Amino acid sequence: MTRLCLPVEAWPPLDRDAWVAAHRHGGLLDDDGLAAHWAPATSQITLGGYGRFLSFLVETGDLDQTEAPAQRITRPRVEAYIAHLRQQNHASTVAARILQLSQAARVMASDADWKWLHRIRLRLRHMSSPARDDRARLVPAAALSTLWHSLIERAEHGENLSDRSRALLFRDGLMIAVLCLCPIRAKNMAASAMGATLQKRGDEWWLAFAAAEMKNKRPYEAPLPGLTPWFDRYIDHYRPYIAARSGNPIPGHALWVSHTGKPLSPKQVGQLVSRRTKRELGRDLNPRLFRKIVPTELAIHDPEHVRVAQPLLGHADYRTTESAYNLGRAIDAARRHHAVVRAIRATDVSLSPPPRRATRPEQSSRGTGHHTDQG
């Protein structure tokens, strides 16, 4: 059985060499490869995407070991690849796979003309819709604020709770509070460390990430107003209790710790937040959705200042933020429309429900057991 994504060690030699060359860091006399400064996550995703294309060629018996990437990636093969993907995947996944193939082609065979592949990629992107509609999952920011306050209150004053339960409740409440104020990505949340990315400046705690730690390679700094007493409580009391469960010092002074006393991974951060919000609110909100709530709320309640969401989310381009802004405007428009409809119904008697029609004779006769002849 063919592997879904062919691993790089199984690639044809020319493809493997082109991938390595694209990631090579040059010296004084040599230029860097076009992918030399990609983030590890970008490189890994693109590698998997190109491996998926090669796997398709293996499955169809069309993988020529002597071809270079520029000769291998042809329009007929890409069209057949898209048809194959459509049989198994959502349209958004198909668009993502062609994006990955396009990125790989650009850095592995930069001398070739890839305009045709770029056009195909754009058409697929415009034709695709998200596999999961986030609009139905969003909740008002006020509900999230109430949630984190409630979790911390229960941790501090709830009855019949073990020390472990109190510590985990407090941790989850504080994590949600941070996401409400500074909706950073799960990767950055997991990387938060006391004295490094979490800094106390005067009487206020701040988050500060270096450019290399951010997805857009720009430094990020933001205060955490109003959370000082809760961070002090967590760091002095609850975190040491959870950390002690591992028996070993926590490397790097990780801020967020699992129930076993070990640093949380990005995946675990997402799972914890999703489970907690699902349990408490009936909606599984991961850190990515917190990032959509911020501009959506601003677009609805303070549209004049919606652009402040861009630096808050760490977006390099406002167009990335604007997609959520447009969602907010759509939600606001729907709410306004519904309000108008309700007002009309309240004042216009002509829109009241019509009276029930009288029972037809033939229906009455059926009810009394008589039969009528209807053609």
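Scroll up to find the structure.
Computed from a prediction, not measured in an experiment: that's the story for all the values here.

Rules behind the numbers
Residues numbered from 1 in each chain as written. Predicted model: local features only at pLDDT ≥ 70, side-chain atom pairs only at ≥ 80, totals over all residues. Heavy atoms only, no water. Helix = DSSP H or I, 4+ residues; strand = E, 2+ residues; numbered from the N terminus. Buried < 20%, exposed > 50% of the residue type's maximum accessible area, 1.4 Å probe, protein only. Contact = heavy atoms within 4.5 Å. Polar contact = N/O pair within 3.5 Å; in protein donor to acceptor, adjacent residues only side chain to side chain. Axes fitted to C-alpha atoms, helices over the stretch in contact; angles between N-to-C directions. Parallel < 35°, antiparallel > 145°, perpendicular 65-115°, else oblique. Nonpolar A, V, L, I, M, F, W, Y, C, P; charged D, E, K, R; others polar. Pairing = 2+ DSSP bridges. Patch = residues over 30% accessible without salt bridge, like charges linked within 9 Å, V, L, I, M, F, W, Y side chains within 5 Å. Areas by Shrake-Rupley, 256 points an atom, 1.4 Å probe, with all protein chains shown as cover. Salt bridge = Lys/Arg side-chain N within 4 Å of Asp/Glu carboxyl O. Lys, Arg positive; Asp, Glu negative; His and termini not counted. Charge placed at Lys NZ, Arg CZ, Asp CG, Glu CD.

(A) Expanded view of the environment of Arg239. Among the secondary structure elements, Arg239 is positioned in helix α10 (residues 228-243). Exposure remark for Arg239: the relative accessible area of 10% places this residue in the buried category. Measuring from C-alpha to C-alpha, the distance between Arg239 and Phe170 comes to 9.4 Å, with 69 residues separating the pair along the chain. Contacts of Arg239, omitting those with residues within four sequence positions, involve Met194, Tyr234, Ile250, His253, Ala254, Leu255 and Val257. A polar side-chain atom of Arg239 sits 2.8 Å from the main-chain carbonyl oxygen of Ala254.

(B) Spotlight on unusual backbone geometry. Of note in this structure, Asn160 is not a glycine but carries a positive phi near 60°. Residue position: Asn160 is located in the loop between α7 (141-157) and α8 (163-181).

(C) The arrangement of the side chain of Asn188 in detail. Inspection of the secondary structure assignment puts Asn188 in helix α9 (residues 186-191). Under the relative-accessibility criterion, Asn188 is labelled buried at 3%. Setting aside residues up to four positions removed in sequence, Asn188 forms contacts with Phe209, Glu213 and Met214.

(D) The arrangement of the packing of helix α2 (residues 40-59) against helix α4 (residues 75-86) in detail. Contact geometry for α2 and α4: axes closest at 11 Å, N-to-C directions at 95°. Of the possible angle classes, the one that applies to α2 and α4 is roughly perpendicular. For the pair α2 and α4, the contacting residues are Gly49, Arg52, Phe53, Phe56, Leu57 and Glu59 in the first and Arg77, Ala80, Tyr81, His84 and Leu85 in the second. Split by residue class, the contact of α2 with α4 holds 6 nonpolar, 2 polar and 3 charged.

(E) Structural view of the sheet that holds strand β2 (residues 204-209). Pairing is antiparallel in the open sheet, where 3 strands are placed in the order β1-β2-β3. One side of each edge strand has no neighbouring strand; the edge strands of this open sheet are β1 (198-201) and β3 (220-223). Each strand of the sheet is rotated relative to its neighbour by a mean of 30°, with strand direction disregarded. As judged from the 4 bridges shared by β1 and β2, these two strands associate in the antiparallel manner. Note that in β2 the partner of Leu198 across the bridge is Leu207. Against the sheet, α10 engages β1 and β2, with an angle of about 80° to β2.

(F) Region of the structure containing a positive patch on the surface. Judged by side-chain charge, Arg75, Lys115, Arg119 and Arg123 come together as a positively charged surface patch. The element best represented in the positive patch is helix α6 (residues 115-127), accounting for 3 residues. Structurally, the position occupied by Arg123 is in helix α6. By relative accessible area, which is 47% here, Arg123 ends up partly exposed.

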